[in-house]
Amino acid sequence: MKKLLIIGGVIVAIFVLIVVLTNQSNKEKLKDNPYGTDNLSKSTIALIGNENYSNIVLPEDLYDKVSSGESVTAYFFSPECQYCQQMTPILMPLAKEEGIHIYQFNMLEFGKEAQPYGVKSWPTLIHYEDGKEVGRMSGLHPEEDIKAFFDRYVNK
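Fair warning: this is a prediction, and the values are worked out from it, not measured in the lab.

Colleague: Give a description of the sheet that holds strand S3 (residues 124-129) that names residues and reports values.
Modeller: Taken in spatial order, the four strands of this open sheet run S2-S1-S3-S4, and their pairing is mixed. Each edge of the open sheet is held by one strand with a lone partner, namely strand S2 (102-106) and strand S4 (132-138). Taken over all neighbouring pairs, the strand axes of this sheet differ in orientation by 25° on average, direction set aside. As defined by bridge partners, strand S1 (residues 72-77) adjoins S2 across five bridges and the pair is classed as parallel. Pairing of Phe77 across the sheet is with Asn106, part of S2. Sitting on the sheet, helix H3 (residues 59-67) is in contact with S1, S2 and S3, with an inclination near 150° to S1.

So, in structure tokens, the structure goes:
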């Protein structure tokens, strides 16, 4: 009986240690996060520091850039979307290789703020020129499709 209590105590202590270490890790990640808030979902926190998610844009910043008439390419994704998890590691290195800056808009955190862009599913890649949408690609696509999108709308 005594051995069972000791084993049970050790198991509880391990679980408490895991929770404490996870919370500490999340606090460290949230210190300089690009979202401007500490009130983030766990799946978003898990992406902080991942180089494939280093171009996060806040809703007001994306709106300002598009409204200014700048040439803007935006990628609407969710950290909980299985297709986004497959497409992002293809898209972002390819964009880097081609010298294209892609603003990443997190739909899990800012879904309501995406309404002006008409994004109903993700992943969605949109290119804007002179404040207007000129190209859109939704869903999971292979590298060839992404390159074709870049060639048609971004690298012209």
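Colleague: Can you break down unusual backbone geometry residue by residue, with the values?
Modeller: Residues Trp122 and Pro123 are joined by a peptide bond in cis, for which omega reads 5°. Summarising the element assignment, Pro123 is placed in the loop between helix H5 (107-110) and S3. Its identity is not glycine, yet Asp130 carries a phi of approximately 50°, on the positive side. Residue placement: Asp130 occurs in the loop between S3 and S4. In this structure Asp130 comes out as exposed when scored by relative accessible area, which is 62%.

Colleague: Can you lay out the nonpolar core for me, pointing to particular residues and giving the numbers?
Modeller: Counting 40 residues, the largest nonpolar core has Leu62, Phe76, Leu91, Ile102 and Phe150 as its most contacted members. For this core, the secondary-structure elements that each account for two or more residues are helix H2 (42-47), H3, S1, helix H4 (82-98), S2, H5, S3 and helix H6 (143-154). Per-element tally for this core: the top contributor is H4, with six residues. Leave out the neighbours within four places in its chain, and Ile102 touches Asn55, Thr73, Ala74, Tyr75, Leu91, Met92, Ala95, Leu125 and Phe150.

Colleague: Run through the packing of aromatic side chains, naming residues and quoting values.
Modeller: Within this structure, the stated rule accounts for ten aromatic pairs. Judged by centre distance (5.9 Å) and plane angle (10°), the ring pair of Tyr75 and Phe77 falls under stacked. Each member of the pair, Tyr75 as well as Phe77, is classed as buried. Put simply, the rings of Tyr35, Phe76, Phe105, Phe110, Tyr117 and Tyr128 touch in pairs and so form one group of aromatic residues.

Colleague: I'd love a proper account of the layout of surface pockets, names of residues and values included.
Modeller: The gaps left among the atoms become clear once a water-sized probe is rolled over them. Roughly 180 Å³ of volume is contained in the largest pocket. In terms of residue count, H4 provides more of the lining of the largest pocket than any other element does, four residues in total. Classifying every residue of the lining of the largest pocket gives five nonpolar, four polar and two charged.

Basis of the calculations
Residues numbered from 1 in each chain as written. Predicted model: local features only at pLDDT ≥ 70, side-chain atom pairs only at ≥ 80, totals over all residues. Heavy atoms only, no water. Pairing = 2+ DSSP bridges. Helix = DSSP H or I, 4+ residues; strand = E, 2+ residues; numbered from the N terminus. Axes fitted to C-alpha atoms, helices over the stretch in contact; angles between N-to-C directions. Contact = heavy atoms within 4.5 Å. Buried < 20%, exposed > 50% of the residue type's maximum accessible area, 1.4 Å probe, protein only. Core = buried A, V, L, I, M, F, W, Y, C linked by side-chain atoms within 4.5 Å. Phe/Tyr/Trp six-rings, centres within 6.5 Å; stacked < 30°, edge-to-face > 60°. 1 Å grid on protein atoms, 1.4 Å probe; cavity = no way out; pocket = protein on both sides within 12 Å on 5 of 7 lines; lining within 4 Å. Points joined across faces, edges and corners; volume = space filled by probe spheres on them. Nonpolar A, V, L, I, M, F, W, Y, C, P; charged D, E, K, R; others polar.

By themselves, these observations are geometric and do not establish any function.
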